[in-house]
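Overview (structure and organization)
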Amino acid sequence: MRFLFTVVVVIIVVFSASGQKKLERTLKQLNSGSVPYIYVNELESAQNQIILDTRKREEYEVSHLKDAIWVGYKDFQKDSVINKITDKNRPIVVYCSIGVRSEDIGEKLQKAGFTHVQNLYGGIFEWKNQGNSVYTNNRETDSVHTFNKQWGKLLNAGVKVYDTKKDN
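How each quantity is defined
- Residues numbered from 1 in each chain as written.
- Predicted model: local features only at pLDDT ≥ 70, side-chain atom pairs only at ≥ 80, totals over all residues.
- Heavy atoms only, no water.
- Pairing = 2+ DSSP bridges.
- Helix = DSSP H or I, 4+ residues; strand = E, 2+ residues; numbered from the N terminus.
- Contact = heavy atoms within 4.5 Å.
- Axes fitted to C-alpha atoms, helices over the stretch in contact; angles between N-to-C directions.
- pLDDT = per-residue confidence, 0-100.
- Buried < 20%, exposed > 50% of the residue type's maximum accessible area, 1.4 Å probe, protein only.
- Right-handed = clockwise from strand over helix to strand, strands pointing away.

What follows is about the sheet that holds strand β4 (residues 92–95). Here five strands make up an open sheet; going across it, the order is β1-β5-β4-β2-β3 and the pairing parallel. For this open sheet the edge positions go to β1 (37–38) and β3 (69–70), each flanked by a neighbour on one side alone. Looking at chain direction, β1 and strand β5 (residues 117–120) are connected through two bridges and run parallel. Looking at β5, one finds that Tyr-37 is bridged to Asn-119. Set on the sheet, helix α5 (residues 101–111) makes contact with β2 (50–53), β4 and β5; between it and β4 the angle comes to about 145°.

Moving on, we come to the confidence of the model for the chain. A low pLDDT score tells you not to read the predicted coordinates there in detail. In this model, the chain carries a mean pLDDT of 87, and residues with pLDDT of at least 70 account for 85%. Low pLDDT, under 50, characterises residues 3–18; the stretch is placed with zero contacts to residues that sit more than four places away or in other chains.

Residues of β2 alternate between two faces, with Ile-50 and Leu-52 on one and Ile-51 and Asp-53 on the opposite face, all of them buried. Pairing geometry for β2 and β4, over four bridges, is parallel. From the neighbouring strand, Ile-50 faces β4, where its bridge partner is Ile-92. Note that β2 and β3 share two bridges and pair parallel. Considered in β3, the bridge of Leu-52 is made with Ile-69. Taken together, β2, helix α3 (residues 57–62) and β3 constitute a β-α-β crossover, and its handedness is right-handed.

Right, here's the structure in full:
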């Protein structure tokens, strides 16, 4: 019995480390690091941050971080954010699925004069992978929109949602 428990723990650690390495490789390949990262454990204990979701509306509607404000990616309106967040020194955390699209939006916010913008390392996937809650309609859910099946391989926790509506 003890041997079986040890084997299960080793398998979990190996798969977890493998997933983390894939995420790390992907972010190094696709991001420039222009927007500093905030890590999940840091955000868990942070206070007074404004959290901006930079994914598609349908991704946000499946689930998002608690109190996150949807700003979109292709639909992003810099002026709308400036009108909502008048203090440009207020800490802002941007996130998407893993942190690629959010880096782009973070750069736009920096160019608009926001001084304390951070990108959530690993995005909502890493947030959920580390056991944190996500919400829809002010209720906790296990569902996370995975953008597509390729990106979905980086989500190891929760219920993967690939498509919320059929395209005609």
